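Remarks on the overall topology
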Amino acid sequence: MSRFPKLIRIGVLVLACALMMAGCSKGTANDSGGNNHGVFYEIFVRSFQDSNGDGVGDLNGVTAKLDYLKDLGIKGIWLTPIMTSPSYHGYDVKDYYQVNPEFGTAADFQTLTKEAHKRGIEVIIDLVANH
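No experiment lies behind these values; they were computed from the predicted model shown.

Reading the values: the criteria
- Residues numbered from 1 in each chain as written.
- Predicted model: local features only at pLDDT ≥ 70, side-chain atom pairs only at ≥ 80, totals over all residues.
- Heavy atoms only, no water.
- Helix = DSSP H or I, 4+ residues; strand = E, 2+ residues; numbered from the N terminus.
- Buried < 20%, exposed > 50% of the residue type's maximum accessible area, 1.4 Å probe, protein only.
- Lys, Arg positive; Asp, Glu negative; His and termini not counted.
- Salt bridge = Lys/Arg side-chain N within 4 Å of Asp/Glu carboxyl O.
- Contact = heavy atoms within 4.5 Å.
- Expected span 1.5 Å × (residues − 1).
- Polar contact = N/O pair within 3.5 Å; in protein donor to acceptor, adjacent residues only side chain to side chain.
- Pairing = 2+ DSSP bridges.
- Axes fitted to C-alpha atoms, helices over the stretch in contact; angles between N-to-C directions.
- Patch = residues over 30% accessible without salt bridge, like charges linked within 9 Å, V, L, I, M, F, W, Y side chains within 5 Å.
- Areas by Shrake-Rupley, 256 points an atom, 1.4 Å probe, with all protein chains shown as cover.
- Phe/Tyr/Trp six-rings, centres within 6.5 Å; stacked < 30°, edge-to-face > 60°.
- pLDDT = per-residue confidence, 0-100.

1. With respect to the side chain of Asp58
If you trace the backbone, Asp58 turns up in the loop between helix H2 (45–48) and helix H3 (59–64). With no salt bridge to any partner, buried Asp58 finds its closest opposite charge in Arg46, at an N-O distance of 10 Å. Setting aside anything within four residues of it in sequence, one finds Asp58 in contact with Val45, Gln49, Asp50, Ser51, Asn52, Glu102 and Phe103.

Written as structure tokens, this is what we have:
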């Protein structure tokens, strides 16, 4: 077996760690008085909050809960994949440029990001680059 797949796995792990630490670095919107610590809250969008009554959590549901998350002291949210995927979990992304219609639209995602930033909450999306 070649070392190439192992190097890719190590690279993905390093990238994931760097993304996790990005929300805790100095100079972010969440930096208040030199405090460079914060908690990211992982959200499985499908089951977090349903805004339209179809039984599936969505981006507008996450947006509706931003004040609640801020009150908890959350400095960032880490969304599980929200892109088009044939599975319920989304970790086998079919199209990285399309938001899964069950979760909303690209405009809904932009609204979520804008509203989160207004509250000092960072937003990251779980990315599966090796599938």
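Okay, back to it.
2. A look at helix H5 (residues 106–118)
Here H5 contains 13 residues, and its C-alpha end-to-end distance of 18 Å stays within 8% of the 18 Å for a straight helix at 1.5 Å per residue. Of all the residues in H5, the buried ones are Asp108, Leu112, Thr113, Glu115 and Ala116. Lining the buried residues of H5 we find H3, helix H4 (66–71), strand S2 (74–79) and strand S5 (122–125). For H5, the N-terminal cap is Thr105; the gap from its side-chain oxygen to the backbone nitrogen of Ala107 is 3.3 Å. Following H5 by one or two positions, Gly120 has its phi on the positive side, about 75 degrees.

3. Considering the sheet that holds S5
Two orientations exist for strands paired in a sheet by backbone hydrogen bonds: parallel and antiparallel. Taken together, three strands build an open sheet; the order of strands is S1-S2-S5 and the sheet is parallel. The outermost strands of the open sheet, each flanked by one partner alone, are strand S1 (39–43) and S5. Taken over all neighbouring pairs, the strand axes of this sheet differ in orientation by 25 degrees on average, direction set aside. Alignment of S1 against S2, held across five bridges, turns out to be parallel.

4. Some words on a nonpolar patch on the surface
A surface patch of nonpolar side chains, about 390 Å² in accessible area, is lined by Tyr96, Tyr97 and Leu127. Among the structural elements, Tyr96 can be located in strand S4 (residues 95–99).

5. Overview of the packing of aromatic side chains
Remark: the centre distance and the inter-plane angle together describe each pair of aromatic rings, the angle taken between the planes. Applying the stated criterion across every chain, the model contains two aromatic pairs. Arranged with centres 6.2 Å apart and planes meeting at 70 degrees, the rings of Tyr41 and Phe48 form a pair that is edge-to-face. Accessibility expressed as a relative area gives 29% for Tyr41, which makes it partly exposed. When the ring of Phe44 is compared with that of Tyr88, the centres are 6.4 Å apart and the planes differ by 80 degrees; the resulting orientation is edge-to-face. One end of the pair, Phe44, is in the loop between S1 and H2; the other, Tyr88, is in the loop between strand S3 (83–84) and S4, and 44 residues separate them in sequence.

6. A short note on the confidence of the model for the protein
Taken over all residues, the pLDDT of the protein has a mean of 82, while the share at 70 or more is 71%. H3 holds the highest mean pLDDT among the elements of the protein, 98, whereas helix H1 (residues 4–22) holds the lowest, 57. Confidence over residues 24–34 falls short of pLDDT 50; this stretch has 16 contacts with residues more than four positions distant or in other chains.

7. Some thoughts on the environment of Ile82
Position of Ile82 relative to the elements: it lies in the loop between S2 and S3. You can call Ile82 buried: its relative accessible area is 2%. Through-space distance from the C-alpha of Ile82 to that of Leu59 is 8.7 Å; in sequence the pair is 23 residues apart. Contact partners of Ile82, with chain neighbours within four places excluded, come to Val45, Leu59, Gln98, Val99, Asn100, Phe103, Phe109 and Ile125.

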